[in-house]
Amino acid sequence: MKRMELGKILFLLICSSLTIAGAVGAPPTCPATDVGGECGDADDWKGEFFPGIPNIKYEGPSSKNPLAYKWYNAQEEILGKKMKDWLRFSVAFWHTFRGTGGDPFGGATKFWPWEDGTNSLAMAKRRMRANFEFLKKLGVDRWCFHDRDIAPDGKTLEESNANLDEVVALAKELQGTEIRPLWGTAQLFVHPRYMHGAATSPEVAVYAYAAAQVKKAMEVTHYLGGENYVFWGGREGYQTLLNTDMGRELDHLARFLEAAVAYKKKIGFNGTLLIEPKPQEPTKHQYDWDVATTANFLQKYGLFGEFKINVECNHATLSGHSCHHELETARLHGLLGNIDANTGDPQIGWDTDQFLTDIGEATMVMISVVRNGGLAPGGFNFDAKLRRESTDVEDLFIAHIGGMDTLARGLRNVAKLIEDGSLNDLVKKRYESFDTEFGAQIEAGKVDFESLEKKAMAWGEPKVPSAKQELAEMIFQSAL
Ligand code: XLS
Ligand code: NI
Ligand code: NI
């Protein structure tokens, strides 16, 4: 099977598993550690969901304890800010609590002890309790969710909204004063009604349904104290242009986003609206292809200033860019709002959503974040999942600890690079010919072609210096 075909099928399977998680495969009939030993009311869980897992603490780089931070020390100050304020980590509910490990060739591999094999409302509440115990043990005070990961779809929109309200009320109680959503979003890609898109569906009834879902998802995000709201256009794109009026679909998408801006203001939600680009998967071509395409879309429709961008590293590589490129492009446009922290696999051509473990990559990511002065009110959302073969509850912790330590290490490396200063000097030196009177005039837009021609003739053939690329790489490596 061709790589991309396999990728698409895999993605669809992952997406469908978002709503039917627990119903796939053969889950255990009763939770392993259920004190009463009964599977009646799923909100009956007694005791800890993660017995034996301690609160995760910083132990420093020499620690060999897999359940400890080696580089992430929340309260430590680096470059004038606490690590926790640079990094603002968040757990993605869908991967951590709804991921099944399914792939195109096999069903679920993960059967967490608290799952009863249903997608009931009671099960949704129990899962929410597990989420908050997980966050507290990890020492992370932000989480991200889709409406339909946290509460089951009902038979009608009213019923779905009521389900959501019930779970959200519990989440609000469990959040306490410390924990908040980094962002919320609406799942507009799993249900078959969205097969042609949501805001870009040719069916007006689907457009309306999607709007109603976003309206509700914005309300609950606001109610929970969410700091941002995300639009990922999972099916806002096309499979073939032969049946698609692309101009009309883009206009519809812009109208939809305009209405979201108006509603945000109406309900007094002060969070940032974020668009998350992705070039393809599940559609052949998605409209929010990459940061530059999204920036142009916002500009064209007069939406600049109302939205920022959520850069996902694995989406960056799918669009043929590095994550660093996407972050820098967003930053230069004043659009860098949040990062979906994950990574792809160099040999697999789809969105594998792995936890970032590459220190060099993390250092480049953190270069952009530091240049941006941080991400707040955005942060780092672990849009990342355990691989199919990782099936212990403990692996959920190990994966997050690894991802957090990698980014923390990236931050420490940026501090080293800044302190050393030689990479900065190298870049500055490359452009020093513009640090002249004439160069400054060019940069100020005061030099016309005639004066440039005069200079070119006076100067003769330019002497072109080396780019010092290998030296730049050597300096960078020495900080890792
Ligand atoms: C899928 C996206 C999705 C968004 C939220 O590829 O990354 O998970 O982050 O809808
Ligand atoms: Ni994402
Ligand atoms: Ni993704």
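Please refer to the structure higher up on the page.
Rules used throughout
- Residues numbered from 1 in each chain as written.
- Chains lettered and ligands numbered in written order.
- Predicted model: local features only at pLDDT ≥ 70, side-chain atom pairs only at ≥ 80, totals over all residues.
- Heavy atoms only, no water.
- Buried < 20%, exposed > 50% of the residue type's maximum accessible area, 1.4 Å probe, protein only.
- Helix = DSSP H or I, 4+ residues; strand = E, 2+ residues; numbered from the N terminus.
- Pairing = 2+ DSSP bridges.
- Right-handed = clockwise from strand over helix to strand, strands pointing away.
- Donors = N, O, S within 2.8 Å, 3.2 Å for Na, K, Ca; no water.
- Tetrahedral: all angles 85-135°; square planar, octahedral: opposite > 155°, others 65-115°.

So, the pairing of strand β13 (residues 336-340)
Most of β13 is tucked away, with 5 of its 5 residues classed as buried. Relative to β13, strand β12 (residues 307-312) runs parallel, the two sharing 4 bridges. When the bridges of β13 are listed, Ile 309 appears paired with Leu 336. Across 2 bridges, β13 lies against strand β14 (residues 380-382) in parallel orientation. Residue Asp 340 lies in a different strand from β14, and its bridge partner there is Asn 381. Considered for its hand, the β-α-β crossover made up of β13, helix α12 (residues 359-371) and β14 is right-handed.

Examining the coordination of the nickel ion (ligand 2)
Around the nickel ion (ligand 2), the protein contributes the donor atoms Glu 276 (OE), Glu 312 (OE), Asp 340 (OD) and Asp 383 (OD), at 2.0 to 2.1 Å from the metal centre. Classification of the site at the nickel ion (ligand 2) rests on its 6 donor atoms, whose angles at the metal span 79 to 175 degrees, yielding the label octahedral. Between the donor residues of the nickel ion (ligand 2), the gaps in sequence give the motif E-x35-E-x27-D-x42-D. The distance between the nickel ion (ligand 2) and the nickel ion (ligand 3) comes to 3.9 Å, with Glu 312 serving as a donor to both metals. Of this pair, Glu 276 sits in the loop between β10 (272-275) and β11 (285-286) while Asp 340 sits in strand β13; the two residues are 64 residues apart in sequence, bridging distant segments of the chain. Residue classification places Asp 340 among the buried positions, given a relative accessible area of 0%.

Re the coordination of the nickel ion (ligand 3)
Taken together, the protein donors to the nickel ion (ligand 3) comprise Glu 312 (OE), His 315 (NE2) and Asp 351 (OD), at separations of 2.1 to 2.4 Å. Within one chain, the residues serving as donors to the nickel ion (ligand 3) are arranged as E-x2-H-x35-D.

Focus: unusual backbone geometry
Following Glu 281, the chain continues to Pro 282 via a peptide bond in cis, the omega torsion being 5 degrees. Mapped onto the fold, Pro 282 is located in the loop between β10 and β11. For the peptide bond that leads from Ala 376 to Pro 377, omega is 5 degrees, which places it in the cis range. You can see Pro 377 is positioned in the loop between α12 and β14. Although it is not a glycine, Leu 79 adopts a positive phi angle of roughly 45 degrees. Note on placement: Leu 79 falls in the loop between β3 (77-78) and β4 (81-82). Of note in this structure, Arg 88 is not a glycine but carries a positive phi near 40 degrees. Mapping Arg 88 onto the fold places it in the loop between α2 (83-87) and β5 (89-92).

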